[in-house]
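# Remarks on the overall topology
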Amino acid sequence: MRIAMIAAEVAPYAKTGGLGDVLAALPKHVARLGHEVCLFVPKYRHIDLREIGATTEIEHLPVPMGVISEPGSVHSLQLSGVRIYFLGGERYVERGVMYGYVDDGERFVFACRAALEALKLLDWKPDVIHCHDWHTGLIPNWLKTLYGDDPFFTRTATLFTIHNLAFQGVFSRDILKLAGFAGDELPFSTRHPRKSDTVNFMARGIAFADQINTVSREYAHEILTPEYGEGLNKLLNRRKDDLSGILNGIDTDIYNPATDPEIAANFDSSSCDLKLDNKLALQRAAGLEQRPDRPLAAVVARLTRQKGVDLVAQTLPVLTRLGGQLVVLGVGDPDIEDELVRAASAHPEVATAFIRFDPNLAQRVYAGADVLLVPSRFEPCGLTQMIAMRYGTIPVVRSTGGLAETVTDISSDPDRGTGLTFDEFDPLDFIAAVARAFELYRSPADWRTLMLRCMAQDFSWGPAANEYSNLYVKLTEQRHRRK
């Protein structure tokens, strides 16, 4: 089949988090199954087309924006069996940073409309358009309205993947005219009664896509509830027969302790004692005392309330009294960054906070830490705990979403456990789980068994790619029956 994916990010060209990692891996694994896959992403200003070896496919692409057309362009490169198309547009997409502008709604209207128009000019008819997150939420809406009678898309189905329901793309209703809509085409209202003057891109993707999925089975169940539904649980319940969960994977070619060029010492399950060299190197780089006997905990995350890292800052004094050390790596909300820096500065002998985005350092942290802390308030999937296990680093996670799906508590299932979990978002529950991990660390034989079990887990993209392939087949069969 022909699968066109559309997203706001793809690593290494444009990435702020897990979305970029997913779009770097999923398309190539789907292509390995024999499908023809292309990916459309905006050409942000920092992407140097000459440097990455991209060529111009469409120099002048007129993109409808309301009653006028804005100039766009399309550039491409072939990578790992996938054609990546970069959508140019000086007015809207070529900015200094990827997100955070007052006209972000207009910017992604432009990018997504450009992708559909480019498909037509390239004469590349997709069987499925796979839309990723709120940025692409208008595409299923367009294919049922503006492009509903367009013979080019007659046999094209849409899949809308929710990577994080908390980010929905809510903008003024003025954007409807710019997007070419005459009015509100939603089959039922999703608007808050006090926010009737807004348009929710995420809601439109959910309402109009032929199928919807999210990035773990557990999260697919959670978002049907008021607690996790972010105000869209009623809409999601209306579409629950078309909603599924497919667990993300990790790129095991990149995240491989046996071959990773970024870490101090390569190791595998037969040489996991060499992990100690990575720990000592990380302690040295973090300015911490080089103590093999002290459990070294780490956080590698966006520093936001969602990730629960404020809980780490709040409990740092207790963590140190338990005999542990801590390394934090990430960027995020300025107030949480400040809180972590203050907490680490108060305990410089045992804690360090690297407030920066540094993928190479992240791999050294995964390889060197003993324990990874992931106390998320909610977590659609989470990649960090999977990467950590690949490097023999034991996860301590809150049992929610993808964390609950990927980490089994060692106490509840000693024969299959892969980490430590806690249920309530509460300092006492969190510290109790950390204390259990530190206690287990002081039993070397049991710790080694747990490390090896973690390293043996298969979080590769192969199973997920097969599930997506089956979903694409289901979608096209449904679409063809309707036509």
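Let me sum up the structure you'll find in this document. (Residues numbered from 1 in each chain as written. Predicted model: local features only at pLDDT ≥ 70, side-chain atom pairs only at ≥ 80, totals over all residues. Heavy atoms only, no water.)

Another point: the packing of helix 10 (residues 309-321) against helix 11 (residues 334-345). Axis separation between helix 10 and helix 11 bottoms out at 9 Å; the angle between their running directions is 25°. With respect to their mutual orientation, helix 10 and helix 11 come out roughly parallel. Note on packing geometry: the crossing formed by helix 10 with helix 11 is left-handed. Where helix 10 abuts helix 11, its residues V309, D310, A313 and L316 lie against I336, E339, L340, A343 and A344. The class makeup of the residues in the contact of helix 10 with helix 11 is seven nonpolar, no polar and two charged. (Axes fitted to C-alpha atoms, helices over the stretch in contact; angles between N-to-C directions. Helix = DSSP H or I, 4+ residues; strand = E, 2+ residues; numbered from the N terminus. Parallel < 35°, antiparallel > 145°, perpendicular 65-115°, else oblique. Left-handed = near helix turned anticlockwise from the far one by under 90°. Contact = heavy atoms within 4.5 Å. Nonpolar A, V, L, I, M, F, W, Y, C, P; charged D, E, K, R; others polar.)

Let us look at helix 11. With 12 residues, helix 11 should cover 16 Å at 1.5 Å per step; its first-to-last C-alpha distance of 16 Å lies within 8% of that length. Residues I336, E337, L340, A343 and A344 constitute the buried set of helix 11. Down the axis of helix 11, the buried side of the element spans an arc of 130°, and every buried residue falls inside it. Structural note: helix 11 exposes P334, D335, R342 and S345 on the side pointing more than 90 degrees away from its buried face. (Expected span 1.5 Å × (residues − 1). Buried < 20%, exposed > 50% of the residue type's maximum accessible area, 1.4 Å probe, protein only. Arc of directions from axis to C-beta.)

The next subject is the nonpolar core. Most often, soluble globular proteins have nonpolar side chains that are buried together. Of all hydrophobic cores here, the largest spans 96 residues; its most connected members are L119, I129, W142 and I206. It is helix 3 (residues 104-122) that provides the largest number of residues to this core, a total of 10 residues. What I129 contacts, discounting residues up to four positions off in sequence, is A4, I6, L116, L119, I139, L143, F153, T156, A157, T158 and L159. The next biggest cluster of nonpolar side chains, apart from the first, holds 70 residues, and it includes Y255, L288, A367 and V397. (Core = buried A, V, L, I, M, F, W, Y, C linked by side-chain atoms within 4.5 Å.)

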